[in-house]
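Structure assessment
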Amino acid sequence: NRAFVTLRICYGKPMWGKASVEQAAMAASGFTNTQVMSMRQKRRNGRLGILNVNPGLTRQQFRDFLLVERDRVHFCATLPLTIIMTVIFGLMVWGHGNVSSVYHLHSGIERAVNEIRVPSRLPDGTRRIDVTLDSISNTAEMWTWIGEGFVPRLGGDPSRPGFLQSFNKVLGKIQLTQQRVEMEQCKKISPELASYFRLACRSHSVDTDTFGPAPANTNMTKDSAFVAGGKLKGIGLMLSKEDYFAFLDVVPPELGSERAAFLARSNWCDASTRWVEVRAALFNGEVAAYIDLKVRFEFDEGGLVDKKLEVRPLHQPSWTTFTMVVDIVFVLLLLTLVLVSIQEVLDRKARRKAAKEEEVNEEDDEGEGGGLLSCCNPCARCFGLFLGDFWLAVDWWGMAFGTGLIVVFLLLNGVIDHLGIQFSDLQQVKLFDERPLGNSSVAEHARYDDAFRKYETGMSMIFAELNVAVDWKTYHRIGMFGFTFYLLFRFLRGCLGQPYFAGMIRTLQQAGPDIVHLSMILAITFENFVLSGCLFFGSGLKDWSTVNNSHRAALGLLSGMGDFASMYDKYPAAALVWLFFFAVVMVFITNNMLFAIMVD
């Protein structure tokens, strides 16, 4: 009777008949002498799933069978919840992501900026090639591209001023940010060569001194673009007070172009400039998305101007009946998962309590000693109770990820709504149409400057908050990517109830230590090839000029997508030798070692 109750309650087999229960009880009662005699008993064993046992069935063999059967039933029971959660998660991503429209928005703005072409001429009037973003090689070309190309492009057509690509409204002004460094005597060369060089070198110390032209009149204040921090008020931790800020009007674009020309004439960018960022904020009502448009110019030590264009859309999720229902169902599924995990913890606690009652109390025989150990034992038991099982730990990890995704999503919506409120408040700031004349009073110049500083401070806060919101959106996407791995693990757990799949998982578990050791050797070998490639080809090829680029180039060659032709053109002998050993070690030997481990 006890065997029947145990099988019925713990192992989910209410369909077992009386003969099957007698068979199980007979197998559980004997240690080594349980014999299977007749064909009828063999058929009964077949229904139990133990056909391939020896005539002598031990109690341990029967116990192992019950454990495997229990796990199979338990793992298969997790599949329905996993499938439902995967479908709901996919619908939630599709409903809130609006990926297709955001992609078209991103590609359209990026193409519009890359297609800016400004005609240029040499000092003698000879026509030269047009200035594009990729062709910029010095500060003069940078100012030409900004003042005569970027500002008019964002200014739009006269019929729709301030619109880029018809539907993207430019919010406020364009912000220019630069970081300057102090100049000092070159320390990397000898004093004799430094005296011949006769130029100062850039240091690593940030320069915050005021520079630029003096005010034309004593009643006028210093131009904020040449003062560290830009005289912005209350920027706090959102912006660096060591940077310099300037703003360009977009509507009308002529004002922005004139301001850019003035900054260029006043040497706002010179040898002390480390980098310059050009930022603009846009909003697309068709897609309901903000766009953080940023162009960064970095002035390298070798004289090159490194350009980087970033178009980062921030979609404002729309709340429809469908999306609200999907979100509510997803929250309910997370709550269900929490309840199931808590129930599993309670069952684990009950089983441990029953096992503890049957064991002999060894602690009373050994005495009290080991105060530190006795103090840590409750924590260890609690940890083992909640995370002692791998799959239970995976469930807690998934619940934490899911809850974090919901919290970050709600906070992100709050930040996006606050952006709209900030820009609405910014439109209430009254600006003067014209700058006061040079002979105007100090108070008039002060009121003019205060109004513009207030407006520019609001614009800077919008740029900073938009940057934070886009970063949060990126982290949220990374979290969603991590949650898909949790769903994958739950599918693996459910499929363990299938015998062949379970055999594959056991093979991977047994080969796990060897695979880890092989991965360590593979990582060290790969890093050696990356560093050697950086030394061989870095001085002549951009793909190998830095360690990060070298990793990317080596991975490209490993996948067959690398640019070996440029390597061979510059360094034929070194490229052949490097690629030969790279292919032999990283492809042939490594793959064969992995196959040998798995087969063994």
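Figured I'd write up the structure that's included with this text.

**Things to note about the overall build of the protein**
Secondary structure summary: the protein contains 18 helices and 13 strands in total. Scored against the burial criterion, the 600 residues of the protein give a buried share of 37%. Contacts in the protein between residues far apart in sequence, at least 24 positions, make up 66% of those at least 6 positions apart. Working note: accessible area of the protein is about 35200 Å², and carbon and sulfur atoms make up 61% of it.

**Description of the nonpolar core**
Trp-145, Ile-174, Trp-268, Leu-293 and Phe-297 are the most contacted members of the largest nonpolar core, which totals 46 residues. Considering every element that reaches this core, the biggest residue donor is helix 7 (residues 139-155), with seven residues. Filtering out sequence-adjacent residues up to four positions away, Leu-293 remains in contact with Ile-109, Val-113, Phe-150, Leu-154, Val-278, Arg-279, Ala-280, Leu-282, Leu-309, Glu-310 and Val-311. Residues Leu-239, Tyr-290, Val-429 and Ile-462 belong to the second largest nonpolar core, which totals 23 residues.

**Thoughts on the pairing of strand 13 (residues 305-315)**
The pairing of strand 12 (residues 289-299) with strand 13 spans 11 bridges and is classified as antiparallel. Across the sheet, Val-295 pairs through a bridge with Leu-309, a residue of strand 13. The loop that links strand 12 with its antiparallel partner strand 13 comprises five residues; one of these, Gly-303, has a positive phi angle of about 105 degrees.

**A closer look at the packing of helix 16 (residues 547-558) against helix 18 (residues 572-599)**
It is the contact of helix 16 with helix 18, at a shortest axis distance of 11 Å, that shows an interaxial angle of 70 degrees. As the angle between them shows, helix 16 and helix 18 are arranged roughly perpendicular. You can see that helix 16 and helix 18 cross each other, and the crossing is right-handed. Where helix 16 abuts helix 18, its residues Ala-554, Leu-557 and Leu-558 lie against Trp-578, Phe-582, Met-586 and Val-587. A per-class count over the contact of helix 16 with helix 18 returns seven nonpolar, no polar and no charged.

**Brief notes about unusual backbone geometry**
Following Val-251, the chain continues to Pro-252 via a peptide bond in cis, the omega torsion being -5 degrees. Inspection of the secondary structure puts Pro-252 in the loop between strand 10 (244-248) and helix 9 (253-265). One non-glycine residue, Ser-166, lies in the positive phi region at around 75 degrees. One can find Ser-166 in the loop between strand 7 (163-164) and strand 8 (168-184). Exposure remark for Ser-166: the relative accessible area of 40% places this residue in the partly exposed category.

**Focus: a nonpolar patch on the surface**
Taken together, the side chains of Val-407, Leu-411, Val-468, Trp-472, Tyr-475 and Ile-478 define a hydrophobic patch exposed on the protein surface, amounting to about 570 Å² of accessible area. Along the polypeptide, Val-468 turns up in helix 14 (residues 442-495).

**Looking at the packing of helix 7 against helix 9**
Packing of helix 7 against helix 9 brings their axes to within 9 Å, and their N-to-C directions diverge by 165 degrees. By the angle between their directions, the pair helix 7 and helix 9 is classed as roughly antiparallel. For the pair helix 7 and helix 9, the sense of crossing is right-handed. Residues Trp-143, Gly-147, Val-151, Pro-152 and Gly-155 of helix 7 form the contact with helix 9, whose own contacting residues are Pro-253, Gly-256, Ser-257, Ala-260, Leu-263 and Ala-264. Split by residue class, the contact of helix 7 with helix 9 holds seven nonpolar, four polar and no charged.

**Digging into the packing of aromatic side chains**
Aromatic ring pairs are defined here through the distance separating the ring centres and the angle between the ring planes. Under the criterion given, the structure shown has 25 aromatic pairs. With a centroid separation of 6.2 Å and 70 degrees between ring planes, the pair formed by Trp-145 and Phe-297 is classed as edge-to-face. Of this pair, Trp-145 sits in helix 7 while Phe-297 is found in strand 12, placing the two residues 152 residues apart along the sequence. A relative accessible area of 0% means that Phe-297 is categorised as buried. Summarising the aromatic geometry, the rings of Phe-537 and Tyr-571 are spaced 5.8 Å apart at their centres and angled 50 degrees between planes, so their arrangement reads as tilted. Residue Phe-537 is found in helix 15 (residues 499-537), and its partner Tyr-571 is found in the loop between helix 17 (564-570) and helix 18; the two are separated by 34 residues along the sequence.

Quick notes on the rules
Residues numbered from 1 in each chain as written. Predicted model: local features only at pLDDT ≥ 70, side-chain atom pairs only at ≥ 80, totals over all residues. Heavy atoms only, no water. Helix = DSSP H or I, 4+ residues; strand = E, 2+ residues; numbered from the N terminus. Buried < 20%, exposed > 50% of the residue type's maximum accessible area, 1.4 Å probe, protein only. Contact = heavy atoms within 4.5 Å. Areas by Shrake-Rupley, 256 points an atom, 1.4 Å probe, with all protein chains shown as cover. Core = buried A, V, L, I, M, F, W, Y, C linked by side-chain atoms within 4.5 Å. Pairing = 2+ DSSP bridges. Axes fitted to C-alpha atoms, helices over the stretch in contact; angles between N-to-C directions. Parallel < 35°, antiparallel > 145°, perpendicular 65-115°, else oblique. Left-handed = near helix turned anticlockwise from the far one by under 90°. Nonpolar A, V, L, I, M, F, W, Y, C, P; charged D, E, K, R; others polar. Patch = residues over 30% accessible without salt bridge, like charges linked within 9 Å, V, L, I, M, F, W, Y side chains within 5 Å. Salt bridge = Lys/Arg side-chain N within 4 Å of Asp/Glu carboxyl O. Phe/Tyr/Trp six-rings, centres within 6.5 Å; stacked < 30°, edge-to-face > 60°.

Honestly, it's all geometry; don't read function into it.
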